[in-house]
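Structural overview
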There are 2 protein chains.
Amino acid sequence: MRKLSNKPSKQKTEKSNILRIIPLGGCEEVGRNMTVFEYKKDIVILDMGLQFPEEDMPGIDYVIPNIKYLKGKEQNIQGVIFSHGHLDHIGAAPILLKKLGNPLIIGRPLTIEMIKHRQEDINKGSSKLLKTMYINNLQDKIHLGHFTISFFKVDHAIMDAVGVVIKTPIATVIHPGDWMIEHNPVGRTRINYTHLAKLKKPTILMLESLGAVNFKKPVTEKQMLDTLHHLIKSAPGRVIIATFSSQLQRIKQILEYASKIGKKVVLDGFSIKANVEIARKLGYIKPAKGTIIPINNLKKYPDNRIIVICTGSQGEEMSALSRIAAGNHHFIALKKNDTVIFSSSIIPGNERIIQRLKDNIYRLCDNVYHSEIMAVHTSGHSNVIGIQEIIRQIKPTYFIPVYANHFMLKEAAKIAYKMGFPKNRVFVPDNGSIIQFSKKEAKILKEKAPTNYVFVDGLGVGDVGEIVLRDRQMLADDGIFVVIAIIDRQTGKVKGSPDIISRGFVYLKESKELLAQTRKKVIEIVNQTAGSGKVVNWTYVKDNIRNKIGNFLFSKTKRRPIVLPVVIEV
Amino acid sequence: MRKLSNKPSKQKTEKSNILRIIPLGGCEEVGRNMTVFEYKKDIVILDMGLQFPEEDMPGIDYVIPNIKYLKGKEQNIQGVIFSHGHLDHIGAAPILLKKLGNPLIIGRPLTIEMIKHRQEDINKGSSKLLKTMYINNLQDKIHLGHFTISFFKVDHAIMDAVGVVIKTPIATVIHPGDWMIEHNPVGRTRINYTHLAKLKKPTILMLESLGAVNFKKPVTEKQMLDTLHHLIKSAPGRVIIATFSSQLQRIKQILEYASKIGKKVVLDGFSIKANVEIARKLGYIKPAKGTIIPINNLKKYPDNRIIVICTGSQGEEMSALSRIAAGNHHFIALKKNDTVIFSSSIIPGNERIIQRLKDNIYRLCDNVYHSEIMAVHTSGHSNVIGIQEIIRQIKPTYFIPVYANHFMLKEAAKIAYKMGFPKNRVFVPDNGSIIQFSKKEAKILKEKAPTNYVFVDGLGVGDVGEIVLRDRQMLADDGIFVVIAIIDRQTGKVKGSPDIISRGFVYLKESKELLAQTRKKVIEIVNQTAGSGKVVNWTYVKDNIRNKIGNFLFSKTKRRPIVLPVVIEV
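Throughout what follows, the structure given in this document is the object of discussion.

About the thresholds
For every chain, the first residue of the written sequence is number 1, and numbering continues from 1 onward in sequence order. Chains carry letters and ligands carry numbers; both start at the beginning, A for chains and 1 for ligands, and go up in the order they are written. Totals for whole chains, interfaces and linings use every residue, but because this is a predicted model, local features are given only for residues with pLDDT of at least 70 and side-chain atom pairs only at 80 or more, for both listing and counting. Calculation of side-chain values draws on the structure's entire complement of heavy atoms; hydrogens and water are dropped beforehand. Between any two strands, at least two bridges found by DSSP are needed for them to pair. Put simply, DSSP H or I for four residues or longer makes a helix, DSSP E for two residues or longer makes a strand, and each gets a number counted from the N terminus. Residues count as neighbours in contact if any of their non-hydrogen atoms are within 4.5 Å of one another. Summed over both partners, the accessible area (1.4 Å probe) lost when two parts come together is defined as the buried area. Counted as salt bridges are all cases of a side-chain nitrogen of Lys or Arg within 4 Å of a carboxyl oxygen of Asp or Glu. Residue burial is assigned from relative accessible area. The probe radius is 1.4 Å, only protein chains are included, and a residue is buried under 20% of its type maximum, exposed over 50%, and partly exposed in between. N or O atoms within 3.5 Å of each other form a polar contact, as long as, within protein, one can give a hydrogen and the other can take it, and as long as residues adjacent in sequence are counted only when both atoms are side-chain atoms. Put simply, two rings from Phe, Tyr or Trp (the six-membered ring, in Trp's case) pair if the centres are within 6.5 Å, and we call them stacked under 30 degrees between planes, edge-to-face over 60, tilted for the rest. Geometry is summarised by axes, namely lines fitted to C-alpha atoms with helices restricted to the contacting stretch, and by angles between N-to-C directions that run from 0 to 180 degrees.

The next thing to look at is the pairing of strand β20 (residues 442–448) of chain B. Residues and elements named next belong to chain B. Note that strand β19 (residues 433–437) and β20 share 4 bridges and pair antiparallel. Among the inter-strand pairings, I435 is bridged to a residue of β20, identified as I444. Hairpin remark: β19 followed by β20, antiparallel, with 4 residues in the connecting loop.

Written out as C-alpha cells, the structure is:
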C-alpha cells in the first residue's frame, strides 16, 4: 500500500481550492466506517466505527480505522459528525477521539448519549472530556470552517439515524449514513429524498450500499409488527424476543403493544437495559407504568402474560439467549410452550453459531420463529430497488458507493451505470482512496492514505501485529511444544532427560511413546550440535531442535505445533 | 449423554422381531451423515460422511461419526451402502471401514470409485482391501441378511446419486439420500417418486431436510445452463468458472457447450482433475477431442476461446481461484476483461471468506457473476415446496426428517404435521437416537447410542479431545507466556534474571517495560514461595507463578495468555 507523502503538493495553486474525500474504512470489509472531508486546511470527519474481527484475526476484540493520515492535522479537525449510534459508526470513538485531542463531536441526542455511554464503559469518567454538540432540531445548520453541515431524516434500524449534507465551495456531499426506504412505516410518515435533488450542484451522493446484491422484497414494518403482535397475543406461554440492543424503535413498539394487551415485559441483557435507560432519559421511550418488571418478579405473573426482550440473537457466548438455551440462566428455564422469536438478521460470519443456537432452542421449545420462516424482522438496509429509487430521487452529479464490501460497491456502481451515469461520474473507492474534486475535474488520486489494520485486543491498541496474529493462528491449528534441555557445560551433553510441555498439540498422557522418542531425538540433536561443549553456538543448537523436532513431530502426526526449544547451560 | 447399555434387553421375545434405525450423525450439525439399520442380528449401514469443523474446533481437519455403538457387532454388518460421492456421505469411509474390518461396500460406480480414490489419497494401496459391489443397474436387488436393498433415481448435485429402499420384515425404509426435484432438467426426464407409494407398507420415509426453511423459488437447470451459455458465449476475454469438484454433471455440460462453440477448456485444481479423470474412465464424461487442453497451452489460444474450470469457490486457501485472486497463480493473472463465474453456493460458515475472495476478484476484473446476482448455480437440495411434493408422492406411513441441522428437522416435521401427519407417525431424531419399529408400535428409545465427537487431526483419529481443543482456543485468543526460572538449590533464590518466551501474546520487542516488571514479579514470587530452598514444594511455586503472573498480565493488558512456568533447580 502506498503511503501518502507528506511533501507539499506540486499543484499548490489548485490545492487551495479542492475538496478531498477519504474513506479511511468501510469500503473493503464491512465496519470501521469513517470518512474524512478536507477542504483547504479544514477537516470534517463522518463516523468512527469499529469492525468485528475476521476469521484470520484470532483473539482480536475489534479493528478500528487507521488515522495516520490525520497525523499532524489534528488542529484542523473542525468536528466529527456521527450519523447514528451503531457500533460500526461510533465504536472506535473513545479511542480515536482521544488520539485526535478530543475534537467537537456532533450528532443527534441518542447518538451522542450512546457515544458517552461507550466512553464511560471503556474509561470511567472520560465522557466529561468530550466536547459535544447535540442536533436537537433537524433543521439546524452548522458552520465548521469552510463546511456547512445540515441533516435529513433517514429510516434505519436505530432511532435518531440521520443523513448528512456537507456543503463546500466545490461541491455538496449527500451522505445518508446507513439507510433504507420503509414503504409501510408505522407511526410516522414515509420518507422520500426528492428535496435533496434541489441542493446546490454539483452534488456527490455517498451511498451505503450493503443492499447492492439483495433482490429480495423487503418485509415492511407494518408486516413485521402485525406478525409480532399476532405471535405475542396468541402465545400459549411466555414470549422471548431476541433482538439487537440498539433496536430501540422495535423495543418501544413491543412495550406499547404489551401495555395495550396487559402483558408484562422483562428486559434482559446488559446492553439492552443500558440502551433502554438512555432512551427513557431522552423521553424517546415512555413505557406505561408497570409494564416493565424486574426479572425477579417473573414468577409473579402467569406465563402467558410475560414477554422477555433479550440480547443474544447472534449467539454471543455469554448473552441472555445463549444462557437460556444452555440451561444456565438464573431466572429462565425454557418450557415446551414458550415462544422464542429471533427478531433479528444474521450478521455474516455468525451463520453456524446461530444455527447451533437455534438447534438448542428448538430442542427445548415448540414455538420458535425467525426471519427465515416468518416476517419477524425488517432489515435496516435498502435492497437494489431502494438504491435505484434513492438515486432517482436525489439525482446526484456524482455517485460514490461506500460502507459495504468492495464487491457490493462495484455492484452498486453497476446499478448507477445502468441508470445512465457516465463512468467518470462514479467512483468506487477502496479504504484510503483519496477522491479529489476541483472546479475543473474529479478523480481518484494514485496515492492512498494508510489503512493498515489497527487491532484492539484488551487494553492494547495497535500492539498486536501480523507476527502475533500468525503465531496465534499456528497455535490454534496445532498448539505448542516446549522442549527443555539442561546441558552440562563441561561435557556438552544433556543432563538427565529433556522435559517436554505441550498445549493444544496432543494429550500428553496418551502419547507416551511419542514423547519417549522425542526425548531421545533431542538428546541426539544436542550431542551432535553442541560438540564438546567448549564453544557452543546455542542458536545453532536451538535451531536444530526446532527444525528437527518439528519435522519429526510432523512425520509422526501430520501436525505442526510451534516448537520452542529452551536450552539451559549449567 | 447416556451410553447404550450392553446388557441384554429385557424384552427378549420382542427384540427378535424389531427394526432399529440409528442415525449416528447428520441430525445435529450438518455432515458426518451415517445411519445404522439393525434387524435381529443383521446390520446395514447407509453412508459414512465427514463433518467440517465448527468454529470452536480450531485445527481440526474434520469430524467423523462415532461408531462405539457398533463395537462387538462388526461381524453382523452385512454391508455399507453409499448414496452418493459427496464427502459428507463418503468422507469417513477410509477410517471407519478399516475399523469395522472392511465390510462389503455397495454403491453406484462413480460413488465407489470416489471412495477408492479417497482411500488411496489417505493410504496408498489400501483401496485393494475394499470389498465392493457396484450397482450397475438401478433395477438391481440385493439381499443382505434379512434386508433387501433396492435403489431409485434422485436428482442431486453429483452424478450417480441414488435413493435407497431398505426392505425388512417389519417395515420398508425409503431414503433418497440427498435429493431435490429438478423441474426443468436438461438431457434427461423429470423424476417423480410416485412409484415409491406402492412399496409394501408400513413405509418409513427418511428425508434429507436441508431445505425445510428455504422458501425461495429454485433456479432450474435449464435457466442455469442458458445463463452460463450466454455468459460463456458473449465473454470478451477468458471465462473462469469456479465450482465444486464433484459437480461433474455441470462440468460435462460446460465441456459439451465449449466444444460446440469451439472454445478450449482448462481444468485447474487437483480434485477437479481427479474427479473428471474418474468420470472419463467410467465413460460418464466424453469430452470431444482437443476440447480439454493442458494449462501450459493456455497462451496458444486467444483469450475469448478459453474457459477455465477450477476449484476454490469456497475461498479455500490454496485452491486455484484463491491463488488467481491473490495474484500468485503460475499460469493465470486476472485481466479486467476476464469473466469470473461462481457456479456454486455458499456453504454456511464460509460467508466472510467468500466475501473477501469476491472483493479481491472484483478489484481485478470487471465481469464477476455469482448466484446472488444471476442464475449461475442450481442447488442440489429441495426447498419447502419440494418437501411437500415428495411426501405427497410417496405417502409414507412414517416420516423421519434427517441429514440437516436439528432446527431444520423440526421445521420439516411441522411441514408433515400441516399435511395431516399425526404426531405419532413423525420422529425427529438426534444423533444417536434409536428409533424402534415392531409389529405393535414405533417409538424413540430413551437410551441413546454414543455420538461424542471424534476429531480427525493430521494422522490422529480421536486423539484430540476437549482439553486439547480448549487449550487451542485459549492459545488462539491470547497466546502463550513461558516463564523460565533457574533456582539455586542452596539458597532457594532465582539465579540471574528469569527468561521469558511468548508467542501470540504481545510483540516482545515492543513490550520491554512489561517484561521487566514481569521478571521482577517472578523473582518476588519465587523468593516468597520457595522459602529457604531446603524442602521446596515446586508444584506450589509453579502454581503461584502461573496464577500471579497470569493476573498481573491481565491487569496490565486485559489478556489471558496461557502461562507456563518452567522452574529448574540447579
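Another aspect to go through is the interface of chain B and chain A. The interface of chain B with chain A comprises 71 residues on the first partner and 71 residues on the second. Taking both partners together, chain B and chain A bury about 6,400 Å²; carbon and sulfur atoms supply 54% of that area. Ranking the residues of chain B by area buried against chain A places B:R352, B:R356 and B:F407 at the top, with a combined share of 11%. In this structure, the connection of chain B to chain A is made through 14 salt bridges.

Now for the pattern of salt bridges. Counted under the stated rule, the structure contains 54 salt bridges over all chains. Its salt-bridge partner being A:E411, residue A:K414 comes within 3.6 Å of it at the nearest N-O pair. Residue A:K414 and its partner A:E411 are located together in helix α11 (residues 406–418), separated by 3 residues, close to a single helical turn. Look at A:E411 and you get buried, because its relative accessible area is 8%. As a salt-bridge pair, B:R546 and B:D543 come within 2.8 Å of each other at their nearest N and O atoms. Residue B:R546 and its partner B:D543 are both found in helix α14 (residues 538–557); the two are separated by 3 residues, about one turn of the helix. The exposure class of B:R546 is partly exposed, given its relative accessible area of 32%.

Along the chain, the position of A:E54 falls in the loop between β3 (42–46) and β4 (62–64). Exposure remark for A:E54: the relative accessible area of 8% places this residue in the buried category. At 3.2 Å, the side chain of A:E54 forms a polar contact with the side chain of A:Q51. Within the structure, the side chain of A:E54 is placed 2.7 Å from the side chain of B:R352, a separation counted as a polar contact. Apart from the residues lying within four places of it in its own chain, the contact partners of A:E54 are A:E29, B:R352 and B:R356.

What follows concerns the packing of aromatic side chains. Here the structure, examined in full by the defined rule, presents 16 aromatic pairs over all chains. Consider the rings of B:F427 and B:F437, whose centres lie 6.1 Å apart with planes at 85°: the pair is edge-to-face. Taken together, the positions of B:F427 in the loop between α11 (406–418) and β19 and B:F437 in strand β19 put the pair 10 residues apart, joining distant regions of the chain. No difference in accessibility class separates B:F427 from B:F437, as the two residues are buried. Ring geometry for B:F481 against B:F505: centres 5.5 Å apart, planes inclined by 90°, an arrangement best described as edge-to-face. Taken together, the residues span a long stretch of sequence, with B:F481 in strand β23 (residues 480–487) and B:F505 in the loop between β24 (499–503) and α13 (512–529) at a distance of 24 residues. A residue is classified by how much of its surface remains accessible, and B:F481, at 0% relative accessible area, is buried. Given the relative accessible area of 0%, B:F505 is considered buried. Ring-pair connections join several aromatic residues into one group, and the members of that group are A:Y398, A:F427 and A:F437.

Residues and elements named next belong to chain B. Strand order in the open sheet made by the 3 strands is β24-β23-β25, with mixed pairing throughout. In this open sheet, the two edge strands, each paired with only one partner strand, are β24 and β25 (562–569). Across this sheet, the average inter-strand angle for adjacent strands is 15°, counted without regard to direction. Sheet topology places β23 next to β24; 5 bridges connect them, and they run antiparallel. Paired with V482 across the two strands is I501, which belongs to β24. Along the sheet, α14 makes contact with β23 and β25, crossing β25 at roughly 145°.

Attention now moves to the environment of A:H230. In this fold, A:H230 is placed in helix α5 (residues 221–234). Considered as a pair, A:H230 and A:D42 are 188 residues apart in the sequence and their alpha carbons are 53 Å apart.

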